[in-house]
Amino acid sequence: MSSFLLFDRPDIGEEEIEAVAEVLRSGWITTGPKTKEFEQRLAEYTGAKHALALNSATAAMQIALAVWKIGPGDEVITSPLTFCSTAHVIVHLGATPVLADVSPDDYNLDPDCAAGRIKPRTRVLLPVHLAGLPCRIGALLQLAHAGGLKVLEDAAHAIGAQVEGRQVGSLGDATAFSFYATKNLTTGEGGMLTSDDGDFIEQARIWHLHGMSRDAWQRYTAEGSWRYDVLLPGYKNNMTDIQAAIGLVQLGKLERNVARRAEIARHYTAAFSQIPELIPAPAARGGDRHAHHLYMLRLKLERLRIDRGRFFQELAKRGIGASVHFIPLYRFTYYQQRFHWHPEDFPVTEAIFRSAISLPCYPRMSQADVDRVIAAVGEIVEAHRA
Ligand SMILES: Cc1ncc(COP(=O)(O)O)c(C=O)c1O
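(A) Quick peek at the pairing of strand β2 (residues 75-78). What you see with β2 is no split at all: Glu75 and Ile77 on one side and Val76 and Thr78 on the other are buried throughout. Of the pairings in the sheet, the one linking β2 to strand β4 (residues 122-126) comprises four bridges and is parallel in character. Within β4, the residue paired with Thr78 across the bridge is Leu126.

(B) Looking closely at the nonpolar core. Judged by nonpolar contacts, the single largest core of 37 residues is most densely connected at Phe38, Leu42, Val168, Phe177, Phe179, Leu185 and Met192. Listing elements by their share of this core, those giving two or more residues are α2 (33-46), β1 (50-54), α6 (137-146) and α9 (241-272). Top element by residues in this core is α9. It accounts for five residues. If sequence neighbours within four positions are ignored, Leu185 has contacts with Phe38, Leu42, Ile159, Ser178, Phe179, Tyr180, Gly247, Gln250, Leu251 and Leu254. Counting 29 residues, the second largest nonpolar core, distinct from the first, contains Val124, Leu126, Leu193 and Leu232.

(C) Region of interest: the site of the ligand. Close contacts around the ligand come from 16 residues, with Thr58, Asp154, His157, Ser178 and Lys183 the closest. Here an oxygen atom of the ligand and a side-chain polar atom of Thr58 are 2.4 Å apart. One of the side-chain nitrogen or oxygen atoms of Asp154 is found 2.6 Å away from a nitrogen atom of the ligand. Relative to its unbound accessible area of 390 Å², the ligand is 91% covered by the protein chains. At the level of elements, α3 (57-67) and α4 (85-92) are the ones that each hand at least two residues to the shell around the ligand. Per-element tally for the shell around the ligand: the top contributor is α3, with three residues. In terms of residue class, the shell around the ligand is built from six nonpolar, eight polar and two charged.

(D) Representation of empty space enclosed by the protein within the structure. Considering all chains together, one arrives at two cavities of 30 Å³ or more under this definition. What the largest cavity holds in volume is close to 70 Å³. Lining the largest cavity are 15 residues, with Pro10, Asp11, Lys183, Asn184 and Arg261 positioned closest to its centre. Tallied by class, residues from the lining of the largest cavity come to five nonpolar, five polar and five charged. In this structure, the second largest cavity encloses a volume near 50 Å³. Surrounding the second largest cavity, Asp106, Tyr107, Leu130, Ala131, Leu133, Ala281, Pro282, His290, Leu294 and Met296 form its lining. For the lining of the second largest cavity, the class distribution of residues is eight nonpolar, one polar and one charged.

(E) Broad picture of the sheet that holds β1. Reading across the sheet, the seven strands line up as β1-β9-β8-β5-β4-β2-β3 and stay open at both edges, with mixed pairing between neighbours. Both outer strands of the open sheet, β1 and β3 (96-99), are each paired with one neighbouring strand and no more. Pairwise comparison of adjacent strand axes, ignoring direction, gives a mean angle of 25° for this sheet. Relative to strand β9 (residues 191-195), β1 runs antiparallel, the two being bridged by five bridges. Bridged to Leu52 within β9 is Leu193. Where α4 meets the sheet, its contacts fall on β2, β3, β4 and β5 (150-154), and the angle it forms with β3 comes to roughly 145°. Along the sheet, helix α7 (residues 198-208) contacts β1, β8 (174-178) and β9; its crossing angle with β1, the most-contacted strand, is approximately 15°.

(F) The arrangement of the layout of surface pockets in detail. For the largest pocket, the calculated volume is near 420 Å³. Considering the residues around the largest pocket, the lining is formed by 25 residues, among which Phe83, His157, Tyr180, Lys183 and Phe326 are closest to the centre. Put simply, the parts of the chain that give the lining of the largest pocket at least two residues each are α3 and α4. Of the residues contributing to the lining of the largest pocket, the split by class is nine nonpolar, twelve polar and four charged. Size it by volume and the second largest pocket reaches roughly 170 Å³. The wall of the second largest pocket is formed by Ala262, Ala265, Arg266, Thr269, Ala281, Pro282, Ala283, Ala284, His290, His292, Leu294 and Tyr295. The element best represented in the lining of the second largest pocket is α9, accounting for four residues.

(G) The arrangement of the packing of aromatic side chains in detail. Summed over the entire model, instances satisfying the criterion amount to twelve aromatic pairs. Through successive ring pairs, a cluster of aromatic residues spans Tyr334, Tyr335, Phe339 and Trp341. Directly above the aromatic system of Phe353 lies the positively charged group of Arg308, at a separation of 4.8 Å from the ring centroid.

(H) Broad picture of the pairing of strand β11 (residues 295-299). For β11, a buried count of five out of five residues is recorded, marking the element as mostly surrounded by other parts of the structure. Burial along β11 is two-sided: the face carrying Tyr295, Leu297 and Leu299 and the face carrying Met296 and Arg298 are both buried. Bridge count between strand β10 (residues 278-279) and β11: two bridges; the pairing is antiparallel. Residue pairing across strands places Ile279 opposite Arg298, the latter belonging to β11.

Rules and cut-offs
- Residues numbered from 1 in each chain as written.
- Predicted model: local features only at pLDDT ≥ 70, side-chain atom pairs only at ≥ 80, totals over all residues.
- Heavy atoms only, no water.
- Buried < 20%, exposed > 50% of the residue type's maximum accessible area, 1.4 Å probe, protein only.
- Helix = DSSP H or I, 4+ residues; strand = E, 2+ residues; numbered from the N terminus.
- Pairing = 2+ DSSP bridges.
- Core = buried A, V, L, I, M, F, W, Y, C linked by side-chain atoms within 4.5 Å.
- Contact = heavy atoms within 4.5 Å.
- Near = heavy atom within 4 Å.
- Polar contact = N/O pair within 3.5 Å; in protein donor to acceptor, adjacent residues only side chain to side chain.
- Areas by Shrake-Rupley, 256 points an atom, 1.4 Å probe, with all protein chains shown as cover.
- Nonpolar A, V, L, I, M, F, W, Y, C, P; charged D, E, K, R; others polar.
- 1 Å grid on protein atoms, 1.4 Å probe; cavity = no way out; pocket = protein on both sides within 12 Å on 5 of 7 lines; lining within 4 Å.
- Points joined across faces, edges and corners; volume = space filled by probe spheres on them.
- Axes fitted to C-alpha atoms, helices over the stretch in contact; angles between N-to-C directions.
- Phe/Tyr/Trp six-rings, centres within 6.5 Å; stacked < 30°, edge-to-face > 60°.
- Lys NZ or Arg CZ within 6 Å of the ring centre and 35° of its normal.

What follows is the structure, encoded as structure tokens:
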């Protein structure tokens, strides 16, 4: 058997290594000129008026909620089909996460379900662009703004995605991106908060670094001053210039890499749509662009003699890594005990979760790798038809 095909792998090359070395040689290794440049370049790329570089998407979401003074008694509506940190940030601020089911069309927060969960204490809608496929952000913005709510987008998967020709990052009141190791654009760990609201980003900037009125760049450079004030009990979520240097190189590769991801997804969908036991990953609506961070294949379990767990084992036997996105929030002990959430209340999410397998889909895959995944999936289905 050929070597194990990892589920995901970052596209890091000599250019990133050189960019990091340059920062290390420069003597300025924490937040400084590279971080500022990365913020500007990312704002330009997304079309957002402002951007704040951070150390994670989690930080971006928590800071956005903090700026909006979300706290005890407030409710934030989000999707159950997301990474746990989307809900953790709400809990960290003392507010209550409220789940609304997803749509079977895009696996994202269903605007009708969200509308049904809005109550007088609801302050924010927090949709996710799962897998890089844009959610129905237009409908969600309309719903939110009609009720005086804010929209914070969890775009951890969605740098490069577009809605009706506009980049994700320039749509909602605020958008959180992740640059974690496996994301479409990586800085190892990292994130970005974008918004058109300059006051909001200025507040976020204060929150992200201890609540200080000046960052190190403003204090230690020739034009700087040692004086600073502390305006609020802020966090420690700044991005370093080492990370930003990687991010700048990665941003230059992003369009090419999203195109390669799209090509892989096209091959998968062309193959899997011929197999009646499979549901290929959903495509973007006309006019939108999928960022193809993940390829979420679904199994029609009633047509197979094996369950999802065995399917994984069969893939592993053939040297192919896979994953599941995500274990829904209502299945975790903490959230069940604290908020009494039950799978029966989220039938669409539960059906997706039970049948989903994320397949390798990343720019470093060769065409032979893609063909190997397609052949393996086909072979497993063939051997286990009901
Ligand atoms: C949907 C989603 N939201 C948020 C996050 C958190 O991102 P970060 O690790 O940058 O905090 C992730 C990370 O994988 C994610 O997949």
